[in-house]
Amino acid sequence: MSKRRNRGRKIRGKNLGKHRKIIPPRVTFEFTDLDLTAFGGASVLAQTARQFGLFELLEEAVSVKVRNRGASDVETLWSIIASFARGHGSLSDLDALRADRAARTVLGLRRVPESRRAGEWLSRLGPMDVKGLWNAAAAFAGRVAPYIIEHEVETKGYVPLFIDATGIEVDGRLFERTGKDYNGNRCYWLHGTFLGGLWTAGQLQPGGGRVTLNWRKLLDWTCGMIPRGAPVWLRGDNAYYKGALVRACAERGWDYSVSLTNDRWKGPVLEQLEGLPDAAWTDIGMEEEAIFATHHPAGWDRMQHYVAIRRRTRGGQFLLVPQHTVILVSRNDLPLAELVRRHRGKQGQENAFKGPLEDMDLHHPPCRGYRANQAFYALGHIAQVLLRAVQYTVLPKKARRHGIRPIIRYVMRAAAHMVRSARRMCVRFARNNFRLDWLYHAMVTLEAPTPSRSRAPPPRAAA
């Protein structure tokens, strides 16, 4: 009888395991006076900003307030930047930061503006204030750039430079100086250049105009961050197929590659390849073949090199019509597969451009005023550079393989407890945070700075 009972219990246990219900325990709810925060990374963010002299740059950027009442100009700027770095791209999120006493304390903020006040403050900015924010963003990026350049040269052998523009869509016609993009949507154009994953220069420009507006200024800003003699590889899309851009790269000693998707521009290159035998093409893997070509575009100063890519099969099945892709390249002394690989690496930098928009929730401008929206995205630019500074100077090297989204999730949004004892302040991270190794490395780095992490920023690279 006992054996049968045990056998029955085992069978019933197995059945219960398959159909076990989820029954959450009953809990009671209370409030606590402990200084807890879900923005534990605010301490890391503030210390990194101080190390690179960001607060001094913000003090010189704008001058709006006249009365000594409410949040100052610098406090308003720093509040918005810190909110962006947490992944909160709406001005209404400032109200949540305003209520977070622990985060405000470690950020060094005595006062945080209400969201409505912050919108009013942005609307009062003029053209000189916007230019001041652009210059501050470029100067701040120049202080962080040496760490990114060193990493890129060490891992790739060159510094990838990406230039592009993306549309910032708006709802309605009340936004100043918007225009229609290629798809008929009303938008602004956000221009930017990237060294690796670092947003080095950027401007919000009116919609409906040229996609490549003011590209010279962006390259001038970026050029000042690159040491003389550093190998640079510029990547661009079809809109940057310009003789002036190619000449600017040649003057600076940069290599370049540009995609050609316009049939009128790539047509003369493909005409040269008609009738060539299959033996003339080189297999570069992934069911693709490539070949070199030369062409002298009208109005350009010299002959240019091109890589034509042909795909005749997909998934082992022959295509009825082969697909061709053309890339303008600066040199033909590298293998075809290497040239294609280097150019297609721009997809990662395109993701870095999308990162500030998606990860920091900056897809939609909050203000109707054009200057206010320009300042809004200039602050988003500074927040992206600050997150990269945390990633490359505070966190372990393994963290450099990621974009800024994991930095926001696992460092900025780490749960922590702020404790004050004997006139000292301590931020205690919860042990159930996911990236304890990142947090521990940040703690050790910030508590025991090395000469490279001194308060003075690294020297600016020569042009």
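Parameters at a glance
- Within any chain, residue numbers begin from 1 and follow the written order of that chain's sequence.
- Thresholds applied to this predicted model are a pLDDT of at least 70 for local features of residues and 80 or more for the giving and counting of side-chain atom pairs; totals over whole chains, interfaces and linings are not thresholded and use all residues.
- As a convention, hydrogens and water are excluded, and side-chain values are obtained from all of the structure's heavy atoms.
- We count a salt bridge whenever a side-chain nitrogen from Lys or Arg sits within 4 Å of a carboxyl oxygen from Asp or Glu.
- The way it works is that DSSP assigns letters per residue, a run of H or I at least four long becomes a helix, a run of E at least two long becomes a strand, and they are numbered from the N terminus.
- Each Phe, Tyr or Trp ring (for Trp, its six-membered ring) is paired with any other whose centre lies within 6.5 Å, and the angle between the two planes then decides the class: stacked below 30 degrees, edge-to-face above 60, tilted in between.
- Working definition: with a 1.4 Å probe on protein chains only, accessible area under 20% of the residue-type maximum means buried, over 50% means exposed, and in between means partly exposed.
- The criterion is that NZ of a Lys, or CZ of an Arg, lies within 6 Å of the ring centre and within 35 degrees of the ring normal, and then a charge sits over that ring.
- The contact definition used throughout considers only heavy atoms, calling two residues in contact when any of these lie within 4.5 Å.
- Any pair of N or O atoms that falls within 3.5 Å is considered a polar contact. Within protein, one atom must be able to donate a hydrogen and the other to accept it, and sequence-neighbouring residues count only if both atoms are side-chain atoms.
- Lines fitted to C-alpha atoms define the axes here, with helix axes fitted over just the stretch in contact, and angles between the N-to-C directions of these axes take values from 0 to 180 degrees.
- In what follows, roughly perpendicular refers to angles from 65 to 115 degrees, roughly parallel to angles under 35, roughly antiparallel to angles over 145, and oblique to any angle outside these ranges.
- For a crossing to be left-handed, the near helix must be turned anticlockwise from the far one by less than a right angle; the clockwise case is right-handed.
- Each residue gets one of three labels, nonpolar for Ala, Val, Leu, Ile, Met, Phe, Trp, Tyr, Cys and Pro, charged for Asp, Glu, Lys and Arg, and polar for the others, Gly among them.
- Strands were regarded as paired on the criterion that DSSP finds at least two bridges between them.
- Each cavity reported here is a set of points on a 1 Å grid over the protein atoms alone in which a 1.4 Å probe fits but cannot get out, each pocket an open set with protein on both sides within 12 Å along at least five of seven lines, and each lining residue one with an atom within 4 Å of a point.
- Grid points are joined across faces, edges and corners, and a volume is the space filled by probe spheres set on the points.

S.K.: Talk me through the pattern of salt bridges; I want residue IDs and the actual numbers.
M.R.: Scanning all chains against the criterion turns up 23 salt bridges. With its nearest N and O atoms 4.0 Å apart, the salt bridge here joins Arg 98 to Glu 114. Note that Arg 98 is positioned in helix 5 (residues 93-99) and Glu 114 in the loop between helix 6 (101-107) and helix 7 (115-123), a separation of 16 residues in sequence.

S.K.: Kindly report on the packing of aromatic side chains, identifying the contributing residues and their values.
M.R.: With the rule as written, the count across this model stands at 14 aromatic pairs. Relative to Phe 353, the ring of Phe 194 lies with its centre 5.1 Å away and its plane at 55°, an arrangement referred to as tilted. Here Phe 194, found in strand 4 (residues 186-195), pairs with Phe 353, found in helix 13 (residues 346-359); they are 159 residues apart in sequence, far enough to count as distant. Both residues of the pair, Phe 194 and Phe 353, count as buried. Put simply, the rings of Phe 52, Phe 140 and Tyr 147 pair up and form one aromatic cluster. Stacked on the ring of Trp 254, the Lys or Arg Arg 252 has its end atom at 5.3 Å from the ring centre. The cationic tip of Arg 310 hangs over the ring face of Trp 281; the distance from NZ or CZ to the ring centre is 4.3 Å.

S.K.: Mind laying out helix 11 (residues 263-271), listing which residues take part and the relevant values?
M.R.: Within the sequence span of helix 11, burial applies to Lys 266, Gly 267 and Val 269. In this structure, the buried residues of helix 11 make contact with strand 7 (255-260), strand 9 (288-295), strand 10 (304-314) and strand 11 (317-329). Where helix 11 begins, one side-chain oxygen reaches toward the backbone nitrogen of Arg 264, 2.8 Å away; that side chain belongs to Asn 262.

S.K.: Got a sec to walk through the packing of helix 9 (residues 215-223) against helix 10 (residues 243-252)? Specific residues and values, please.
M.R.: It is at 11 Å that the axes of helix 9 and helix 10 come closest, and there the two elements cross at 15°. If you check the angle between helix 9 and helix 10, you find them roughly parallel. Crossing of helix 9 against helix 10: the hand is right-handed. Side by side, helix 9 and helix 10 meet where Trp 215, Arg 216, Leu 219, Asp 220 and Cys 223 of the first sit next to Ala 244, Leu 245, Ala 248 and Arg 252 of the second. Across the contact of helix 9 with helix 10, the residue classes break down as six nonpolar, no polar and three charged.

S.K.: Explain the sheet that holds strand 1 (residues 36-37) to me, using residue names and the numbers behind them.
M.R.: As summarised here, the arrangement of the three strands in space is 1-12-13, forming an open sheet in which the pairing is antiparallel. Each edge of the open sheet is held by one strand with a lone partner, namely strand 1 and strand 13 (424-429). Relative to strand 13, strand 12 (residues 416-421) is paired through six bridges, and the arrangement is antiparallel. Residue pairing for strand 13: Val 419 is matched across the bridge by Cys 426.

S.K.: Kindly report on the pairing of strand 11, identifying the contributing residues and their values.
M.R.: Of the pairings in the sheet, the one linking strand 7 to strand 11 comprises four bridges and is antiparallel in character. Paired with Ser 259 across the two strands is Ile 327, which belongs to strand 11. As judged from the nine bridges shared by strand 10 and strand 11, these two strands associate in the antiparallel manner. Paired with Val 307 across the strands is Ile 327, a residue of strand 11. Hairpin connection from strand 10 to strand 11: two residues lie between these consecutive antiparallel strands, with Gly 315 at a positive phi of about 65°.

S.K.: How would you summarise the layout of surface pockets if you had to cite specific residues and measurements?
M.R.: Size it by volume and the largest pocket reaches roughly 660 Å³. Surrounding the largest pocket, 23 residues form its lining, Ser 43, Val 427, Phe 429, Met 443 and Glu 447 being those nearest its centre. Taken together, the elements giving at least two residues each to the lining of the largest pocket come down to helix 2 (42-51), helix 6, strand 13 and helix 16 (436-447). Looking at which element gives the most residues to the lining of the largest pocket, the answer is helix 16, with seven residues.

S.K.: Just give me the short version of the environment of Lys 354, but keep the residues and values in it.
M.R.: The topology assignment puts Lys 354 in helix 13. Given the relative accessible area of 43%, Lys 354 is considered partly exposed. Along the chain, Lys 354 and Thr 166 lie 188 residues apart, while their C-alpha atoms are 8.7 Å from each other.

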